[in-house]
Amino acid sequence: MRCKLLTTALSLTIFATYAQVPGRQMHWTADGNAYAAVEQGDLVQIDIRTGRKTTLLPKEKLRQPGGSLPMPVTDFAFTPDSASVLVFTNTARVWRYNTRGDYFLINRATGQVRQLGQGAGVVARPAQSLMYAKLAPDGRSVAYVSEHNVFVEEVATGKIRQLTADGTRKRINGTFDWAYEEEFGCRDGFRWSPDSKQIAYWQVDATNIRDYLMLNTTDSNYSHVVPVEYPKVGESPSPTRVGIVSVSGGPTTWLKLPGDSQQHYITRMEWFPSGESVIVQQLNRKQNESRLFTCNPATGGTKEFYTETGQKWIDIKSRWSRDNPVGWEWLYTGNAFIWVSEKDGWRHLYRVSADGKKETLLTPGAYDIATISHIDEAANQIYFIASPENTNQRYLYRTRLDGKGKAERVTPAGLAGTHGYTISPNGRLAMHTFTNYQTPSAREWVSLPDHKAVDPAESLTARLKTVAKPNVRFFTITTDDGVTVDGWMAKPTDFDSTKKYPVVFYVYGEPAGSTVNDDFSVGQNRLFNGDMAKAGYVYVALDNRGTPNLKGADWRKSIYRQIGRINIRDQAMATKKLLAQHAYLDSSRVAVWGWSGGGSTTLHLLFQYPDIYKTGIAIAAVGNQLFYDNIYQERYMGLPQENRDDFVAGSPITYAKNLRGNLLYIHGTGDDNVHYDNAEVLINELVKHNKQFQVMPYPNRTHSISEGEGTAQHLKTLYTNYLLQHCPPGGR
């Protein structure tokens with residue numbers, strides 16, 4: 001949510017934007033000319049045009065009660081009267097991000113510090129238990145979640161009111177379960193009403209969802225079970241509903257959305273700016289029908305006003321707005337909003353009236369938008385990221401909100417690559433970032449829409465340092481199936497076209513990500529100890545059909561019910577064509593590796609096309625699609641009750657008996673995302689067929705395999721040694 005903050009001493013209004021993941025947003029002044037940040041322990045305000053810094057709260061006042069050292073600040077917000085600062089600190093990870101911790105209110109004048117959750121009214125909240133604390137629009141209260149319940153605390157008195165009391169590990173108020181967070185980007189699960197009198201919140205009831213039981217065998221003399229509530233594919237979703245509760249307490253009014261709550265998802269929710277209604281997006285279980293409702297917070301009554309259906313899945317907001325994946329882009333004080341749809345085959349922006357009766361296409365043409373960057377109602381403009389000519393790059397565009405204009409590129413010509421923008425509230429300034437395959441990420445402040453550097457001496461063009469990569473090139477290749485895929489290739493440093501070199505493919509291949517993007521990571525392998533090009537490898541990445549490139553809905557959705565087949569064939573056929581076209585590629589030394597979905601792709605390629613791929617390193621792979629979560633798998637594969645054969649045909653274990661090459665399989669036993677049971681069923685299948693391979697379990701490591709002293713270096717060493725041994729480098 002957004003909350004206005006006044007800094008009285010400076011006569012400014014600071015805009016604090018709380019992202020789904022605290023600390024990932026900038027805190028702008030209302031005039032858009034400055035922002036607040038923590039620098040060297042002080043909370044300061046920085047004027048973008050002049051560079052002038054003003055201390056808002058010195059580090060001496062950023063201390064916990066009784067402490068002598070400044071507290072590390074993950075995020076912060078000012079009360080509207082500017083008297084106090086709300087600070088988020090001492091954080092802990094919940095699934096992927098550090099969204100749980102402690103919150104303190106610090107009086108700027110006196111330095112008095114008060115920890116939230118410790119005031120009068122209820123039992124003190126445990127340390128590191130508060131999540132998503134947000135000031136009310138009027139600044140008089142703070143709401144937060146602690147141990148699956150919603151609380152409100154008065155700023156002036158510290159009095160606490162508990163608004164929900166039924167929260168448990170499996171009945172979750174104000175936040176979400178693992179699947180909602182992972183697959184919909186839903187984390188912050190409650191919203192203040194504009195008048196600060198009510199809170200709308202999600203409740204996820206996972207009481208009937210089975211636990212996946214992880215086993216911790218290293219942290220005590222006896223092993224203990226770590227349960228993770230996890231709805232696997234084919235299991236009904238957790239019933240989810242939205243309730244409205246008064247901040248003074250009392251019963252919750254539940255929104256009366258139609259349909260079986262175990263066969264639907266509630267993916268977005270927000271108050272209308274007037275505060276009179278709540279708007280909700282509901283998806284059916286197959287995620288191919290989206291319905292919007294206006295909801296009466298007093299009665300819970302709902303009215304459907306906008307519906308979209310498709311034969312395949314409908315993407316949700318986290319695809320194009322990761323900082324605010326469940327909110328709304330309102331226009332004209334709530335009389336209209338921005339909507340994103342692929343209904344005409346391309347991801348386009350629409351302006352939709354609040355009653356759903358009128359919609360206007362804002363971005364016509366045969367191209368996709370990637371993300372929404374900024375809405376400037378005063379200038380009748382919306383800014384967005386797109387790349388119609390080269391889908392591996394990203395540029396800033398804008399067009400008119402009234403639908404009467406054409407898309408205009410704002411990013412100047414000359415810097416080909418990937419551009420990003422964080423735009424000020426008034427749309428006149430932006431933090432501009434840039435990278436391409438030869439340029440490490442760099443940034444500058446620019447004015448908009450002219451895109452001029454605020455400080456010419458600090459402009460990107462004046463100080464960019466490129467790294468020559470003459471061995472790297474982008475290419476396209478058309479397979480014998482008539483499919484044209486994008487790729488990049490990094491040749492050995494001492495390349496000799498008369499010799500043959502080993503080739504290593506880096507793969508992902510599923511709808512969640514792509515590998516062929518014009519950024520500085522191209523040609524680099526973070527798991528290889530050393531430089532692959534200097535070692536004598538050809539390094540390649542390809543993007544098959546089904547990857548989320550800006551090539552239209554047909555490209556992206558061709559993988560529906562085909563994961564493990566169409567994407568694998570595209571990779572294999574493109575590899576076969578590359579080997580045939582380039583005599584310097586040694587077909588006897590072909591390796592492939594990937595992580596997560598890329599690990600699954602690696603297994604498939606090694607098993608389904610053993611004549612092509614000789615060595616594979618698969619990390620944290622889904623071995624059996626029936627073991628992964630319901631939201632992801634059912635979105636892209638359908639329901640196993642209806643088309644189970646597709647899941648079987650798309651699972652690596654189905655083809656494990658074909659292994660002929662070298663396989664290194666790596667997995668963390670504490671992976672709460674892709675569970676370790678994927679590793680064990682795969683191992684069993686390989687053993688069954690007497691297939692020899694190497695496996696490396698990392699005890700209690702999660703999906704990132706990053707925890708524990710020495711883990712990162714051990715993984716790199718393991719990976720590198722295996723590649724060197726089984727796919728030797730150098731020209732022959």
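Residues numbered from 1 in each chain as written. Predicted model: local features only at pLDDT ≥ 70, side-chain atom pairs only at ≥ 80, totals over all residues. Heavy atoms only, no water.

Caption draft 1: Structural detail: the UniProt feature "domain: Dipeptidylpeptidase IV N-terminal" (unreviewed entry) in the protein chain. In this structure's numbering, the residues bearing the UniProt feature "domain: Dipeptidylpeptidase IV N-terminal" (unreviewed entry) are residues 80-440. Taken end to end, residues 80-440 comprises 2% helix and 46% strand; its first and last C-alpha atoms sit 39 Å apart. (UniProt positions renumbered as here; feature names shortened; annotations may be inferred. Helix = DSSP H or I, 4+ residues; strand = E, 2+ residues; numbered from the N terminus.)

Caption draft 2: Structural context of the packing of helix H7 (residues 630-637) against helix H8 (residues 640-649). With their axes 11 Å apart at the nearest point, H7 and H8 run at an angle of 80° to one another. As judged from the angle between their axes, H7 and H8 are roughly perpendicular. Each of Gln633, Glu634 and Met637 in H7 lies in contact with H8, whose residues at this interface are Pro640, Asn643, Asp646 and Phe647. Residue composition of the contact of H7 with H8, by class: three nonpolar, two polar and two charged. (Axes fitted to C-alpha atoms, helices over the stretch in contact; angles between N-to-C directions. Parallel < 35°, antiparallel > 145°, perpendicular 65-115°, else oblique. Contact = heavy atoms within 4.5 Å. Nonpolar A, V, L, I, M, F, W, Y, C, P; charged D, E, K, R; others polar.)

Caption draft 3: Region of the structure containing unusual backbone geometry. Residue proline 449 is bonded to the preceding leucine 448 through a cis peptide linkage, with omega at 5°. Among the structural elements, proline 449 can be located in the loop between strand S36 (439-447) and strand S37 (452-453). In the Ramachandran plot, tyrosine 132 falls in the positive-phi region, its phi being about 60° despite a non-glycine side chain. Relative to the helices and strands, tyrosine 132 is located in strand S11 (residues 130-135). Of note in the backbone geometry, serine 196 takes a positive phi value of approximately 65° without being a glycine. On the secondary structure map, serine 196 appears in the loop between strand S16 (190-192) and strand S17 (198-205).

Caption draft 4: Focus on the pattern of salt bridges. Enumeration according to the criterion identifies 38 salt bridges in this entry. Here aspartate 646 makes a salt bridge to arginine 561, at a shortest N to O gap of 2.7 Å. Taken together, the residues aspartate 646 in helix H8 and arginine 561 in the loop between helix H4 (553-557) and helix H5 (566-581) connect sequence positions 85 residues apart. Where salt bridges share partners, they join Asp315, Arg319, Glu342, Arg347, Asp368, Arg556 and Lys557 into one cluster. (Salt bridge = Lys/Arg side-chain N within 4 Å of Asp/Glu carboxyl O.)

Caption draft 5: Seen up close, the confidence of the model for the protein chain. Counting all residues, the mean pLDDT for the protein chain is 93, and 97% of those residues have values of 70 or more. Counting interchain partners and residues more than four positions distant, the pLDDT-below-50 stretch residues 1-19 has 78 contacts. (pLDDT = per-residue confidence, 0-100.)

Caption draft 6: Region of the structure containing the sheet that holds strand S22 (residues 264-271). Spatial ordering of the open sheet is given by S22-S23-S24-S25, a layout of four strands whose pairing is antiparallel. In this open sheet, the two strands that pair with only one neighbour each are S22 and strand S25 (302-309). Within this sheet the neighbouring strands show an average axis-to-axis angle of 20°, counted without direction. With seven bridges joining them, strand S24 (residues 289-295) and S25 adopt antiparallel strand pairing. Paired with arginine 291 across the bridge in S25 is threonine 307. (Pairing = 2+ DSSP bridges.)

Caption draft 7: Fine view of the packing of H5 against helix H6 (residues 597-608). Running from N to C, H5 and H6 cross one another at 65°; their axes reach a closest spacing of 10 Å. Taken together, H5 and H6 sit at an angle that is classed as roughly perpendicular. The handedness of the crossing between H5 and H6 comes out as right-handed. Every residue of H6 that contacts H5 at Asn567, Ile568, Gln571 and Ala572 is listed here: Thr601, His604, Leu605 and Gln608. Residues belonging to the contact of H5 with H6 are distributed by class as follows: three nonpolar, five polar and no charged. (Left-handed = near helix turned anticlockwise from the far one by under 90°.)

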